[in-house]
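Descriptive structure summary
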Amino acid sequence: MGKFPHDAVVQLLVQLAVMLLAARLFAEIARRLKQPGVVGEIVAGILLGPTVMGMIEPGWFEALFPTGTASGVVLTGMVQVAVVMLLFVGGLEVDLHVVWQQGKTAIVTSLFGLVIPFSLGFIFPYYFPHFFGFADNYTVTIFALLMGTAMAITALPVIVRILMDTNLFKSKIGLLVVSSAMIDDVIGWLIFSLILGMIGKGGHGMPIISTVILTLAFTGIMLTVGRGVINKILPWLNKNLAWPGGILAFSLALCFLGASFTEFIGIHAVFGAFIIGVCVGDSEHFSERAKEIVHQFINNIFAPLFSVSIGLRVNFFTNFDPWLTLVIILIAFVGKVVGCGLGTLLGGATWREALASGFGMNARGAMEIILGIVALENGLINEKVFVSLVIMALVTSMTAGPLMKKFLSLPNSPTSTPVSPTPARGQP
Amino acid sequence: MAFSPTSEAMLAETIRLAKLFNSEVLLIHVGARTAEVEQRMNAMMAKCEALRDRVSVIWGSGDPVNVILDSCKKNHVDLLVTGALKKENLVQYYVGSIARKVLRKAGCSVLTIINPSIESVPYKNIVVSAEASPHVVDAISTACGFAPKDYSAWLHVVKEVKLYGLSMAAADQHTEEEYDDVRQGLVKQEIENVNEMMRHIPHEGVRINVKTVSGKSGFELSGFAHRKNAELLVIGAPPRRFSLIDRLFPHDMEYILADLPCSLLVVQPSKYRKEVGHG
């Protein structure tokens, strides 16, 4: 291993401390305003980054986050690892068992919730590419496909939080929305990875067709054979290694291996991490307690680092295009509300429940931002589109809860009741 | 009636059930009706003296699964009693043995016994799933009926806390106290759901123990039955028939079938029933 300069170590540690503290401070403010923590974390990044601190006190910004230094490179690497871990957690959240139990209704709902936003997100950028900041590096079709995918993705944790807050999580409509969002995420990330494969970035000169075939093969094999093999290994780990150390080390190592494989074949590392997350999370031997630990570890340490880093890399003021942002927000709302609403209506819900589900699934959260950042890094979009996508993710996440409650005629406040039950042995 | 080493014990179990529920017994044999088989069947019939004229034999040939299911349908059977291995190998699991195929496809309740006994062994620990099934109330009621009152039987009613890990992950914007409240609330909600259901089900003389589990409910239910050394696990029949895909992406019942922790009773009101049922 190479030597890391003493000054860079100090600088990196200060950077991490400032980022985590700022993220927590603003997440707490967001929490008190009954908003998702990710909103506060991104605002923290915007304040620390070139948009605010860089404009008011450029010297401070340059001192804290200097460009081209060893600490900057390491920080970028850590953020990259954070993104991979976030997608791993995203995969863990997908419960194929619950999806399968919901049956055809969930598939119909998710297809509507995927196809309509995807179509709207594809059509407008396809016919008006330059309005949408088409970067001209690739074909208009690929750009429009990317925008379609950006409109189709959902943020499962935000939806779950809203459903829990409204006591609807375990209801028929709640489970339908959750399982549909899970299907949308799997298909959405698969489409996105295929788009990355089509642009042929990386892949060590691998032909595009090979990348696409390898992507599909990786997905198919991991979700069937790979899932089975993992399911056979986990009981052995649980029995013979220290818990949760053994299972956590194994699952995260597998996550990084999957991520490195998909990065190697020319699609982004996030896809491999996501698929490995689905496989590991689906095992009956990966306990809910272990899932909780992974979630807490990643969501409270690595997720804030990623969220703050968004504001550090882009100037939200100079890259803000109000019309572009407005149009993207409109497409996002219409696509998801109409698509998911129709799908839920067909699933047997009332129109109020359907609208509530549409607004709930409209929440994009961190997933949208990850998609945006990968697209930006690969030159698929420019910084203006990225800023618009981030703002859209914030607006949709902030409005999802209140709008869902409005259509379900629920009071706009959390509902948690202190209780003292007697849990079963070895149970939650 | 396959005349396997456990056939006699299976018959003894069936006779006990027929006495308990005052039912008729149909013995189904699939295969050639040779003199030797008839002789063995007569020997079996002789063991059913206690049921007098309430026992009859159905002779069938062809695919055992189809013959058994057709016989149940034609004779309006309420409960099918079969024997099965505790665990199947990988090929059997995906292809399906006769017992498990019958269990997956039957239109009536099915009792699958893994360790039949000639001697009467009371059910001291019965585990019943309170999972959302169209027949969950039937399942719990039936389980109460199986619990012998004079043996201080325990009926463990098990309910899953669905998506527990995801729920707790979504609760990360709470203080420590609120976080604990969310955790306890998830458990309490499920316990209250079960208690509410039990208020409408007669269970005098049966000791009830409500438990919550998290994870894949079928897998956890099976594990719980194993830990409790239960003699009987009762579940409501799923709303649809299972296919191979249910073994690739297992349904709750498939986790149980993969390694039966004890005898399994899958409860559903018989689709074959006429006004007067048969046993």
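None of the values given here were measured: they were computed from a predicted structure. Starting afresh in each chain, residues are numbered from 1 along the sequence in its written order. All chains are assigned letters beginning with A, and all ligands numbers beginning with 1, in the order in which they are written. Local features in this predicted model are restricted to residues of pLDDT 70 or higher, and side-chain atom pairs are both shown and tallied only at a pLDDT of 80 or more, whereas totals for entire chains, interfaces and linings draw on every residue. To obtain the side-chain values, all non-hydrogen atoms of the structure were included, while hydrogens and water were left out.

Take the overall build of chain A next. Helix and strand definitions follow DSSP, with helices as H or I runs of at least four residues and strands as E runs of at least two, each counted in order from the N terminus. In terms of helices and strands, chain A carries 18 helices and zero strands. On C-alpha atoms alone, chain A measures out to a radius of gyration of 21 Å, which is about the 22 Å that the 2.2 N^0.38 rule sets for 428 residues. Reported as C-alpha extents along the three principal axes, the dimensions of chain A are approximately 55 × 55 × 50 Å. Exposure categories follow from relative accessible area, calculated using a 1.4 Å probe and restricted to protein chains: below 20% of the type maximum is buried, above 50% is exposed, and the middle band is partly exposed. By residue count, 57% of the 428 residues in chain A fall in the buried class. A sequence separation of at least 24 residues applies to 80% of the contacts in chain A between residues at least 6 apart. Every radius of gyration here is taken over C-alpha atoms, with the globule rule written as 2.2 Å times N^0.38, N being the number of residues. Contacts between residues were defined by any pair of non-hydrogen atoms, one from each residue, lying within 4.5 Å.

What follows is about the pairing of strand β6 (residues 154–161) of chain B. Residues and elements named next belong to chain B. Counting buried residues in β6 gives seven out of eight residues, a clear majority hidden from the surface. Pairing analysis gives five bridges linking strand β5 (residues 125–129) to β6, with the strands arranged parallel. By the bridge assignment for β6, Val 127 is matched with His 156. Pairing geometry for β6 and strand β7 (residues 207–214), over eight bridges, is parallel. Within β7, the residue paired with His 156 across the bridge is Asn 209. When DSSP finds at least two bridges between two strands, those strands are taken to pair.

Residue and element names in this part refer to chain B. Reading across the sheet, the seven strands line up as β3-β4-β9-β8-β5-β6-β7 and stay open at both edges, with mixed pairing between neighbours. Two strands lie at the open edges of the sheet, namely β3 (79–83) and β7, each paired on one side alone. If you compare each strand with its neighbour and ignore which way they point, the axes differ by 20° on average. Axis lines are fitted to C-alpha atoms, over the contacting stretch for helices. Their N-to-C directions set the angle, which ranges from 0 to 180 degrees.

Turning to the packing of helix α15 (residues 322–346) of chain A against helix α16 (residues 351–361) of chain A, a few remarks are in order. All names here are of chain A. Contact geometry for α15 and α16: axes closest at 7 Å, N-to-C directions at 135°. It follows from the interaxial angle that α15 and α16 lie oblique. The interaxial crossing formed by α15 with α16 has right-handed handedness. Contacts from Phe 333, Lys 336, Val 337, Cys 340, Gly 341, Thr 344 and Leu 345 of α15 reach α16 at Trp 351, Ala 354, Leu 355, Ser 357, Gly 358, Phe 359 and Met 361. Polarity classes work like this: nonpolar for Ala, Val, Leu, Ile, Met, Phe, Trp, Tyr, Cys and Pro, charged for Asp, Glu, Lys and Arg, and polar for all others, with Gly in that last group. Here the residues of the contact of α15 with α16 are counted per class, giving nine nonpolar, four polar and one charged. An angle below 35 degrees is read as roughly parallel, one above 145 as roughly antiparallel, one from 65 to 115 as roughly perpendicular, and any other as oblique. Take the far helix as your reference; a near helix turned counterclockwise from it by less than a right angle gives a left-handed crossing, and one turned clockwise gives a right-handed crossing.

All names here are of chain A. Inspection of the secondary structure puts His 268 in the loop between α12 (245–264) and α13 (269–282). Sequence-wise, His 268 and Val 84 are 184 residues apart; in three dimensions their C-alpha atoms are separated by 9.4 Å. Look past the residues within four positions of His 268 in its chain and what remains in contact with it is Gln 80, Leu 196, Thr 262, Glu 263, Val 374, Glu 377 and Asn 378.

With that out of the way, let us pick up the packing of aromatic side chains. Residue and element names in this part refer to chain A. Two rings from Phe, Tyr or Trp (for Trp, the six-membered ring) form a pair when their centres are within 6.5 Å of each other. A pair whose planes differ by under 30 degrees is stacked, one over 60 is edge-to-face, and the rest are tilted. One pass over the structure, following the stated rule, counts 13 aromatic pairs over all chains. Ring centres of Tyr 126 and Tyr 127 lie 5.3 Å apart, and the angle between their planes is 85°; on these two criteria the pair is classed as edge-to-face. Assessed through its relative accessible area of 33%, Tyr 126 is described here as partly exposed. Chaining the aromatic ring pairs together yields one cluster made of Phe 122, Tyr 126 and Tyr 127.

So yeah, pure geometry; function would need other evidence.
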